[in-house]
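Below are the chains, spelled out letter by letter.
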Number of protein chains: 2
Amino acid sequence: MEKRLNISEIASLAGVSTATVSRVLNDYPYVKESTRERVKKVIQETNYRVNAIARKLRRKKTHTIGVIVSNVLSPFYSVIAKSVEDVAIKNNFSTVLCNGGDKPEKEAKYLEVLHENRVDGIIISPTGKNKDYLNFLLASGIPIVFIDRPTEGVDCDIVMVNNMDVTFNALDFAIKKGYKKIGCIAGPQDRYTGIERFKGYKKALENNGIAYDESLVRFGDFTYESGYSLARELLDSEKPDLLFVANSDMALGAYKYISEKGYKIPHELGFLMFDDPQWASLVTPRVTVISQPVYMLGSTAADILFKRIMEGGQFMDQSPLKIILEAKFVVRESI
Amino acid sequence: MEKRLNISEIASLAGVSTATVSRVLNDYPYVKESTRERVKKVIQETNYRVNAIARKLRRKKTHTIGVIVSNVLSPFYSVIAKSVEDVAIKNNFSTVLCNGGDKPEKEAKYLEVLHENRVDGIIISPTGKNKDYLNFLLASGIPIVFIDRPTEGVDCDIVMVNNMDVTFNALDFAIKKGYKKIGCIAGPQDRYTGIERFKGYKKALENNGIAYDESLVRFGDFTYESGYSLARELLDSEKPDLLFVANSDMALGAYKYISEKGYKIPHELGFLMFDDPQWASLVTPRVTVISQPVYMLGSTAADILFKRIMEGGQFMDQSPLKIILEAKFVVRESI
DNA sequence: TTGAAAGCGCTAACAA
DNA sequence: TTGTTAGCGCTTTCAA
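Residues numbered from 1 in each chain as written. Chains lettered and ligands numbered in written order. Predicted model: local features only at pLDDT ≥ 70, side-chain atom pairs only at ≥ 80, totals over all residues.

Sheet strands line up and pair through hydrogen bonds in the backbone, either parallel or antiparallel. Residue and element names in this part refer to chain B. On the basis of which strands lie adjacent, the open sheet formed by six strands has the order β2-β1-β3-β4-β5-β11 and parallel pairing. The sheet is open, and its two borders are formed by β2 (94-99) and β11 (322-325), each paired with just one other strand. When strand polarity is set aside, the average angle formed by the axes of neighbouring strands in this sheet is 15 degrees. Relative to β11, strand β5 (residues 157-161) runs parallel, the two being bridged by four bridges. The partner of V161 across the bridge, within β11, is L325. (Pairing = 2+ DSSP bridges. Helix = DSSP H or I, 4+ residues; strand = E, 2+ residues; numbered from the N terminus. Axes fitted to C-alpha atoms, helices over the stretch in contact; angles between N-to-C directions.)

Written out as structure tokens, the structure reads:
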């Protein structure tokens, strides 16, 4: 940051006080039209722009929200980030985007950064840890909205999807269609979405009188790599007639292995996945998926956050909202 | 932003002056160990965090850089954003990410926002407009690094790839392999990358004595939609034996149309594209591509920016760097 | 309609 | 080793 123009230099150039310049900058009434014009002219000529940092300090409002997601490179979280940003722009707010990477320490670090920067609110897909710090932030008046999953012991607004039910419905449909030996690459069982989707899988088996067989199940960590290697592990030892994969990154890895081995979908092996990335309807045959209303997840969370921010104390008293959006089962050609 | 703890409240709680608290916060030497411990204890107990806004105002350094890219949802720009952020973190800087959307007005708006927030430097994939404002920012000491393409009339550091040469090489290879009637879905001809890649296409034809035939060429706007509709337009009227598409979004659209129509790649139609998104090696047959060193583009730009920021005036005098990274022609099975 | 001046929370001389 | 204090650039009372 170099030596640059400030408000008092503009004031002297225009022959007015800093207060008047400030009034012009903020479109206050009660400034004589000729004065306003004169000030505007100086601003124009000098390319002066208000120092937003000084303004934030003085106003004690940053007009900024923080967003912490797991990984902006994933199609899921990048859309979330975009949708939140869209809503923020509509509300004239800025957004600070943080890559929490699903690591509790990184999450804690970013919560600190957002706290230090006095953001007016936070949207986060939490790791499930950092309960105390989150509660502290809430208590000190920073509204927080969880997205995708909760943190045990933190009672605030949350927006997520019906993970278990929709998984149940999809697999129930598949089983009724004739699939009997159903492999599953599940998510980590210390993560809410991993747990819920796996519950849906088991419930569908149970509901159709199929015994749960742990040799047909592998637990990954929601990454491409785990999807690839677990698909190999599973398909090389067992011969399921259907494979369910619990998120898009693992599904990409699994699909890659399946195409390398040349399995014919759906005749040799049915394929069903949670999430609906672009590639799922690009490959042949197109993949049957569980599709989350991703954009809606983000924009809904943002809407709630802005209500909390705008209405301040009043709305704050209302008990936390828990919003469950419906994911859709989209039947295409892979089962 | 609620009423919250500030440095003087911490000072009184610890029974010291604000200066001492500040020294502890910033790990200064010359603080008695027992004092340091006492202050740290208070900070710990109260969850106090320094007000970064006040600090930035006082220090006149924001330790923040701005990044303006076209679209964070695209695989290309999201990787750029990530790579820049990685370098920023290593330098202990924050990043503000902006979606310029390739719209000159949006770009101008974001340049203003970054200016107002007194970022220490800017990385941007420019629209090619806003020459004057960019020059003003440079003149007032904010280093700027262009990525992917230049802005005419603005002389600053830039990092890009050898668009024309690599396109020439790829198509030259294809032609020597036997392809003769080569369709092209080119990018917009008011955009640097669109122009350069199209030049490479024409040069390859020329080099092999093939006459340029405008009925085999369509100009899109680098979006999925234009790729889809132009592929239809082109393939429904002409029968090229190879289709070259100038970026990944248009290629996705074109590929979608091709698979809907059931063309057999590569026997009926060869397929060659600029960019190497995940799906290109997922589909069967895997797509032959021109692969940009995307991460490298971003991290190189960021490295240069930090050199400019760190070395201040001294390095600033050096004439702007122009770095051309090599994109690679990756032969797979689609030609 | 305008200006004077206090003060947001912090850092960094300077003094002790 | 610690404290006092000016001031970063702005907004906002209060008074004129």
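Read on for the rest.
Bringing the relation of the copies chain B and chain A into the picture now. For the match of chain B to chain A, the screw axis carries a shift of 0.1 Å, the RMSD comes to 0.1 Å, and the turn is 180 degrees. Here the copies are linked by what is in effect a two-fold axis. A shared interface surface links the copies, since 98% of the contact residues of chain B are contact residues in chain A too. (Least-squares fit on C-alpha atoms with pLDDT ≥ 70 in both. Contact = placed C-beta atoms within 7 Å.)

Accessible area lost when the parts come together is the quantity often used to give the size of an interface. Residue and element names in this part refer to chain A. Per the domain assignment, the segments of chain A are domain 1 (7-50), domain 2 (62-159 + 294-324) and domain 3 (163-291). For domain 2 versus domain 3, the distance between C-alpha centres works out to 30 Å. Across the boundary between the two partners, domain 2 contributes seven residues, which contact seven residues of domain 3. Across the side of domain 2 that touches domain 3, the residue classes break down as three nonpolar, two polar and two charged. (Domains from an automatic or database assignment. Nonpolar A, V, L, I, M, F, W, Y, C, P; charged D, E, K, R; others polar.)

All names here are of chain B. Of all six residues in strand β1 (residues 64-69), six are buried; the element is thus mostly enclosed. With burial as the criterion, each face of β1 is covered, one bearing T64, G66 and I68 and the other bearing I65, V67 and V69. Here β1 pairs with β2 via six bridges, running parallel. Directly across from I65, in β2, lies its bridge partner T95. Tracing the backbone out of β1, into helix α5 (residues 75-90) and back to the parallel element β2 gives a crossover that is right-handed. Of the strand pairs in this sheet, β1 and strand β3 (residues 121-124) are connected by four bridges, and their pairing is parallel. Note on β3: the bridge partner recorded for I68 is I124. (Buried ≥ 20, exposed ≤ 12 C-beta atoms within 10 Å, placed from the backbone. Right-handed = clockwise from strand over helix to strand, strands pointing away.)

Turning our eyes to something else, we now look at the interface of chain B and chain A. The interface is formed by 40 residues belonging to chain B together with 40 residues belonging to chain A. Only α4 (52-59), α5, β2, α6 (104-116) and α11 (248-261) of chain B provide two or more residues apiece to the side of chain B that touches chain A. Broken down by element, the side of chain B that touches chain A gets its largest block of residues, five residues, from α4(B). A class-by-class count of the residues in the side of chain B that touches chain A yields 16 nonpolar, twelve polar and twelve charged.

Residue and element names in this part refer to chain A. Taking strand neighbours across the sheet as the criterion, the six strands line up as β7-β6-β8-β9-β10-β12 in an open arrangement whose pairing is mixed. What marks the edges here is a single partner per strand, and that holds for β7 (217-219) and β12 (328-330). This sheet shows a mean twist of 15 degrees between the axes of neighbouring strands, independent of strand direction. Relative to strand β9 (residues 270-274), strand β8 (residues 242-245) runs parallel, the two being bridged by four bridges. Note on β9: the bridge partner recorded for V245 is M273. Relative to the sheet, helix α9 (residues 192-207) contacts β6 (182-186), β8 and β9, its axis offset from that of β6 by approximately 170 degrees.

If you want to describe how two helices pack, look at the angle between their axes and the distance between the axes. Residue and element names in this part refer to chain B. Closest axis-to-axis distance for the helix α1 (residues 7-14)/helix α3 (residues 33-46) pair is 9 Å, and the angle between their directions is 120 degrees. Considering their axes alone, α1 and α3 lie oblique with respect to each other. With respect to the hand of their crossing, α1 and α3 are arranged in right-handed fashion. Where α1 abuts α3, its residues I10, L13 and A14 lie against R38, V39, V42, I43 and T46. (Parallel < 35°, antiparallel > 145°, perpendicular 65-115°, else oblique. Left-handed = near helix turned anticlockwise from the far one by under 90°.)

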